[in-house]
Amino acid sequence: NNIDALQPLETTISDMERFKDATTLDLHCPNCSSEFPFGGIVPSNHYLMCYNGLQCKNCEKIFSTIQLTSQLESSIRSHISLYYAGWLICDDITCGNVTRQISVFGKRCLNDGCTGVMRYRYTDKQLYNQLLYFDSLFDREKNKNQEIKPLYHEGDPDFPTEKLNDSSIRALSEQNRELFEVNRGVVQKYLSDCGRRYVDMGSIFEFMA
Ligand SMILES: [Zn+2]
Ligand SMILES: [Zn+2]
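Anyway, here's the lowdown on the structure attached to this text. Computed from a predicted structure; not experimentally measured.

1. What about unusual backbone geometry?
At step 1: A positive phi angle, close to 65 degrees, is found at Ser-33, a residue other than glycine.
At step 2: For Ser-33, the location among the structural elements is in the loop between β1 (25–28) and β2 (35–38).
At step 3: Given the relative accessible area of 52%, Ser-33 is considered exposed.
At step 4: Of note, the phi angle at Glu-60 is positive, near 70 degrees, even though the residue is not glycine.
At step 5: Checked against the element boundaries, Glu-60 lands in the loop between β4 (53–56) and α2 (65–85).
At step 6: We classify Glu-60 as exposed; its relative accessible area is 58%.

Pasting the structure below:
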């Protein structure tokens, strides 16, 4: 019926909104060095999820589990470093002053004549959201239900011409169960650190509600 038909679409929209500022998980092929964004079990001109893993379309190399998890982990760590770098940006877009946080400056922008307020360029919420986005890429239920934020939009020069049908997406989610669980485990490790140590729990629950 109509309600059932609408549900997957609405879920897609909510994840798209939640992850609108999340950056893609960019992988490089360990064999031919081609680089591409990974977006779960979705059509791509650069990679293919096959029954035994992630395959580079350029050279047909299949990533080993560690070749995928190490790139995921290094991407997570670079987001965490960015967060810890503590860069501040002026909220006046005509100013755009960017600086490292120095407490004595307070929140006022120090550019001559600017009335802007300095805000964290990379907030704890953004970091947490970024990790949730990475988590969603390896979430088998979200893959099966095609709820992952799309990598491409119609009209993008790289928009994939081929499509994946529902039954192959479901089959591939099952066939790659172990690979996806290992990768989710990597993200979960940082998510739980993030929840415990770095992020104000109140702000997490407020924003997840
Ligand atoms: Zn390759
Ligand atoms: Zn300013």
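Now that the structure has been shown, we can carry on.
2. Some remarks on α2
At step 1: The end-to-end C-alpha separation of α2 is 30 Å, in line with the 30 Å expected for 21 residues at 1.5 Å each.
At step 2: When α2 is considered as a whole, its buried residues turn out to be Leu-68, Thr-69, Gln-71, Leu-72, Ser-75, Ile-76, His-79, Ile-80, Tyr-83 and Ala-85.
At step 3: Directly beyond the C-terminal end of α2, a positive phi value near 65 degrees is found at Gly-86.

3. Section: the coordination of the zinc ion (ligand 2)
By definition of the ideal shapes, four donors in a tetrahedron about a metal sit 109.5 degrees apart, and six donors in an octahedron sit 90 or 180 degrees apart.
At step 1: Protein-derived coordination of the zinc ion (ligand 2) comes from Cys-90 (SG), Cys-95 (SG), Cys-109 (SG) and Cys-114 (SG), at a distance range of 2.3 Å.
At step 2: The site at the zinc ion (ligand 2) holds 4 donor atoms, and with the angles between them running 104 to 112 degrees, its shape is tetrahedral.
At step 3: Read in sequence order, the donor residues for the zinc ion (ligand 2) give the motif C-x4-C-x13-C-x4-C. Of the two residues, Cys-90 is situated in strand β5 (residues 87–90) and Cys-114 in the loop between β6 (98–100) and β7 (118–120); the sequence distance between them amounts to 24 residues.

4. Topic: the nonpolar core
At step 1: Ranked by size, the top nonpolar core spans 38 residues in total, and within it Phe-38, Met-49 and Ile-76 carry the most contacts.
At step 2: For this core, the leading source of residues is helix α3 (residues 124–137), giving 7 residues.
At step 3: Beyond its immediate chain neighbours, meaning those up to four positions away, Met-49 contacts Phe-38, Gly-40, Ile-41, Leu-54, Leu-172, Asn-176, Leu-179 and Phe-180.
At step 4: Counting 5 residues, the second largest nonpolar core, distinct from the first, contains Leu-88, Cys-109, Cys-114 and Met-118.

Thresholds, definitions, all that
- Residues numbered from 1 in each chain as written.
- Chains lettered and ligands numbered in written order.
- Predicted model: local features only at pLDDT ≥ 70, side-chain atom pairs only at ≥ 80, totals over all residues.
- Heavy atoms only, no water.
- Helix = DSSP H or I, 4+ residues; strand = E, 2+ residues; numbered from the N terminus.
- Buried < 20%, exposed > 50% of the residue type's maximum accessible area, 1.4 Å probe, protein only.
- Expected span 1.5 Å × (residues − 1).
- Donors = N, O, S within 2.8 Å, 3.2 Å for Na, K, Ca; no water.
- Tetrahedral: all angles 85-135°; square planar, octahedral: opposite > 155°, others 65-115°.
- Core = buried A, V, L, I, M, F, W, Y, C linked by side-chain atoms within 4.5 Å.
- Contact = heavy atoms within 4.5 Å.

That's the geometry; what it means functionally is another story.
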